[in-house]
Amino acid sequence: MTDQDCIFCKIVAGEVPSDIVYKDEHVTAFRDINPQAPIHILVVPNRHIATTADLTAEDEGLMGHLVRVAHLVAEQEQIATSDRGYRLVLNYGKDGGLLVYHLHMHVLGGRRMGWPPG
Ligand code: AMP
Ligand code: ZN
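Worth saying up front: this structure is predicted, and the values here are computed from it rather than measured. (Residues numbered from 1 in each chain as written. Chains lettered and ligands numbered in written order. Predicted model: local features only at pLDDT ≥ 70, side-chain atom pairs only at ≥ 80, totals over all residues. Heavy atoms only, no water.)

A. View of the pattern of salt bridges. Under the defined criterion, the tally for this structure stands at 3 salt bridges. Of the charged contacts in the structure, one is a salt bridge between Asp-19 and Arg-31, with a shortest N-O distance of 3.3 Å. Placement of the pair is Asp-19 in the loop between α1 (7–13) and β1 (20–23) and Arg-31 in strand β2 (residues 27–31), with a sequence separation of 12 residues. The class of Arg-31 is partly exposed, set by a relative accessible area of 31%. (Salt bridge = Lys/Arg side-chain N within 4 Å of Asp/Glu carboxyl O. Helix = DSSP H or I, 4+ residues; strand = E, 2+ residues; numbered from the N terminus. Buried < 20%, exposed > 50% of the residue type's maximum accessible area, 1.4 Å probe, protein only.)

As structure tokens, this is what we get:
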């Protein structure tokens, strides 16, 4: 299922250009257009799921796969080591800073992340 007005559905379908770094039957990973770190990649399910609030029990396998792909793209970017590393982020709601309503996991790396996040 796709949402006709959804930018990430269009990226998955190849209708909007993007710098795709990984794609399989279930998920697509592409570089964020407004990177917040030297490496900033988004991993999205190919199927339109708006937010984490829309996940069902059937999506648990998909979400596990999405996390594994996030690590795989970090390996591709050579940051998946304990002396380098990365941060995975899922935003939700106003306080979380969610802007795009197609579920996406941020993979951020290439610099030291602050904690707590600002
Ligand atoms: P969020 O605040 O979690 O909803 O994050 C949405 C992210 O999508 C932001 O980091 C944006 O820079 C990114 N973004 C929006 N449009 C595009 C696009 N066309 N290609 C790549 N990244 C995008
Ligand atoms: Zn979508």
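B. Molecular detail of the layout of surface pockets. For the largest pocket, the calculated volume is near 820 Å³. For the lining of the largest pocket, the elements supplying multiple residues, two or more each, are α1, β2, β3 (39–45), β4 (86–89), α3 (93–96) and β5 (105–109). Looking at which element gives the most residues to the lining of the largest pocket, the answer is α1, with 3 residues. Within the lining of the largest pocket, the residues separate by chemical class into 16 nonpolar, 11 polar and 6 charged. (1 Å grid on protein atoms, 1.4 Å probe; cavity = no way out; pocket = protein on both sides within 12 Å on 5 of 7 lines; lining within 4 Å. Points joined across faces, edges and corners; volume = space filled by probe spheres on them. Nonpolar A, V, L, I, M, F, W, Y, C, P; charged D, E, K, R; others polar.)

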